[in-house]
Amino acid sequence: MNSSSLGIGLAGLGTVGSGVVLALQRNASLIADRTGGSVKLDIAKVLVRDPAKKRPVDIPADKLTTKWDEVISEPSVDIVVELIGGTTDAFDIVAAALRAKKPVVTGNKALLAERGPELFALSKEFDTPIHFEAAVAGGIPIIKTVQESFVGNRIHSMVGIINGTSNYILERMTDAGLDFGTALDEAQQLGYAEADPALDVNGWDAAHKAILLATLAYGFAIDPEEIHVAGIEQVRPIDIEFATQLGYVVKLLAVVREHENGIELRLQPSFIAKSHILASVNGVFNAVAVHGDAAGESLFYGRGAGQDPTASSVVGDLVEAAHSLRHDAGHRGFLPYSEDGRLMPVEETETAYYVRFDVTDRPGVVAEIAQALADAGIGISGTHSPVNPETPDADFVDMVFLLHTCPFGQLQKTLAKIQQLDCINSEPVVFRIEKL
């Protein structure tokens, strides 16, 4: 190990990778001062696709490589930073770094959510940590908070808005009355959404983050195939209008909650009361509300993505990894600590619900739906069906039922029966009404 500085092997020099280099260059003396001069970081090797490409950061040509194994094998590399994304090459890089006993810093939530058990096993075997603050909520230090600051707390729940792209789209649909496609186009033009926005709008970007938070809080590996994930693609202006009239806003919400019979983990667009603090989280910002048995309620808010916030988290992890190496502090990353956890099937989870039916307007429709709900033991707290003054005698209308709390599985079975009624024209639309 270099006695004067620690070498960084950087896999990926895109938006975040460039931000990391710029942050290190800008704040090198500040980092050294705050660590008593013990942490000095130097970019030793950088993996890129095209060494000739012009970039916003100046890296000497002899430090660039197109072969990831050279980042790991380079003798001057002490810490490996993985920022290429994906779950294939990224896995190979992280696994190789751990086997070489070089600490890893990554912002790759998909990698850790889907292949975390394999990598954490290697981390334990080779006594080499994985740091991943940048994998959840950009610049918000939620990982360190849950793992370190709340180490003496039993986490009762974590509820949050952890995808800025979806949050921006829903805000524009609410405030400007845009439809989903128009709001998505606007987000892409502003750089808030990728050219391929699938993981943002289908919910899986946020779901990967929720899996990591739940793993930290409860200590056991979670299979992504076992969790309920729904994105915002099916949210329509009419549902947002109904929500507004009823005193709610629609947010893509990650819910992690402890119960006596297991851990509830789900991700879907939900109705939350306008009076709740999460309702005021707008634009590309993220927020996570954490409830610990000792600390009580805490809220963490900030930018959930972008070059500087994400680079800030990466650099924070780099300093922690470097400090551990300098002082031979041993393993400081996360390791699963429980094998007994149970993930609740989504059918067992309970909330109140908003259900919209596209119905044929004829006498007895409300009574037929209400009877089916009553037969299933599901209570009704209200019904609503606005009349368009321009077409007061329309043959088809939207009928909304607000339903009392019941298990989701019970609701699904009942809606399947209701859908068979000849007055129902399409699959009912369901939103959970969250009690936060």
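Structure: see above.
Every value quoted in this text rests on a predicted model; they were computed, and no experiment measured them.

**Remarks on the overall build of the protein**
Assigned secondary structure in the protein consists of 13 helices and 16 strands. Computed over C-alpha atoms, the radius of gyration of the protein comes to 24 Å, within 12% of the 22 Å expected from 2.2 N^0.38 for 436 residues, which places it in the range of a compact globule. Counting only C-alpha atoms and orienting by the principal axes, one finds that the protein spans roughly 85 × 45 × 35 Å. Of all 436 residues assigned to the protein, the portion counted as buried reaches 50%. Considering only contacts within the protein whose residues lie at least 6 apart along the sequence, 74% involve residues at least 24 apart.

**Here we look at the packing of aromatic side chains**
Under the criterion given, the structure shown has 13 aromatic pairs. An angle of 80° between the planes, with centres 5.3 Å apart, marks the rings of phenylalanine 120 and phenylalanine 334 as edge-to-face. With a gap of 214 residues between them, phenylalanine 120 in helix α4 (residues 109-125) and phenylalanine 334 in the loop between α11 (307-326) and β13 (350-360) connect regions that are remote in the sequence. For the residue pair phenylalanine 120 and phenylalanine 334, the accessibility class agrees, reading buried in each case. One aromatic cluster is present, formed by Phe242, Tyr248, Phe271, Tyr354 and Phe431 through successive ring pairs. The ring of phenylalanine 91 carries arginine 115 above its face, with NZ or CZ at 3.6 Å from the centroid.

**Description of the pairing of strand β4 (residues 79-82)**
The alternating pattern of β4 places Ile79 and Val81 and Val80 and Glu82 on opposite faces, both of which are buried. As paired strands, strand β1 (residues 6-11) and β4 are joined by 4 bridges and run parallel to one another. Within the sheet, the bridge partner assigned to glycine 9 lies in β4 and is valine 80. In the sheet, β4 pairs with strand β5 (residues 104-106) via 3 bridges, with the strands oriented parallel.

**Quick look at the sheet that holds strand β2 (residues 41-47)**
With parallel pairing, the 6 strands of this open sheet are ordered in space as β3-β2-β1-β4-β5-β6. Edge positions in the sheet fall to β3 (64-65) and β6 (130-131), since each has one partner strand and no second. Bridge count for β2 against β3 is 2 bridges, and the pairing is parallel. Its bridge partner lying in β3, leucine 47 is registered against threonine 65. Against the sheet, α11 makes contact with β1, β2, β4, β5 and β6, and its axis sits at roughly 160° relative to β4, the strand it touches most.

**What about helix α6 (residues 164-175)?**
Here α6 is 12 residues long and its end C-alpha atoms lie 16 Å apart, about the 16 Å a rise of 1.5 Å per residue gives. Within α6, 9 of the 12 residues are buried, which leaves the element mostly enclosed by the surrounding structure. Those residues of α6 lying buried are Gly164, Thr165, Ser166, Asn167, Tyr168, Ile169, Leu170, Glu171 and Met173. Residues of α6 that are buried make contact with β7 (155-161), α7 (180-189), α8 (198-201), α10 (237-246), β9 (248-259) and β11 (285-292). Two to three positions downstream of the cap, the backbone nitrogen of threonine 165 sits 3.3 Å from a side-chain oxygen, assigning the N-cap of α6 to asparagine 163. At the exit of α6 stands glycine 177, carrying a positive phi of roughly 70°.

**Quick word on a nonpolar patch on the surface**
A cluster of nonpolar side chains, namely Ile277, Leu299 and Tyr301, defines an oily patch on the protein surface of about 290 Å² accessible area. Mapped onto the fold, tyrosine 301 is located in strand β12 (residues 296-303). Its relative accessible area of 47% is what places tyrosine 301 among the partly exposed residues.

Reading guide: rules and limits
- Residues numbered from 1 in each chain as written.
- Predicted model: local features only at pLDDT ≥ 70, side-chain atom pairs only at ≥ 80, totals over all residues.
- Heavy atoms only, no water.
- Helix = DSSP H or I, 4+ residues; strand = E, 2+ residues; numbered from the N terminus.
- Rg over C-alpha atoms; globule rule 2.2 N^0.38 Å.
- Buried < 20%, exposed > 50% of the residue type's maximum accessible area, 1.4 Å probe, protein only.
- Contact = heavy atoms within 4.5 Å.
- Phe/Tyr/Trp six-rings, centres within 6.5 Å; stacked < 30°, edge-to-face > 60°.
- Lys NZ or Arg CZ within 6 Å of the ring centre and 35° of its normal.
- Pairing = 2+ DSSP bridges.
- Axes fitted to C-alpha atoms, helices over the stretch in contact; angles between N-to-C directions.
- Expected span 1.5 Å × (residues − 1).
- Polar contact = N/O pair within 3.5 Å; in protein donor to acceptor, adjacent residues only side chain to side chain.
- Patch = residues over 30% accessible without salt bridge, like charges linked within 9 Å, V, L, I, M, F, W, Y side chains within 5 Å.
- Areas by Shrake-Rupley, 256 points an atom, 1.4 Å probe, with all protein chains shown as cover.
- Salt bridge = Lys/Arg side-chain N within 4 Å of Asp/Glu carboxyl O.

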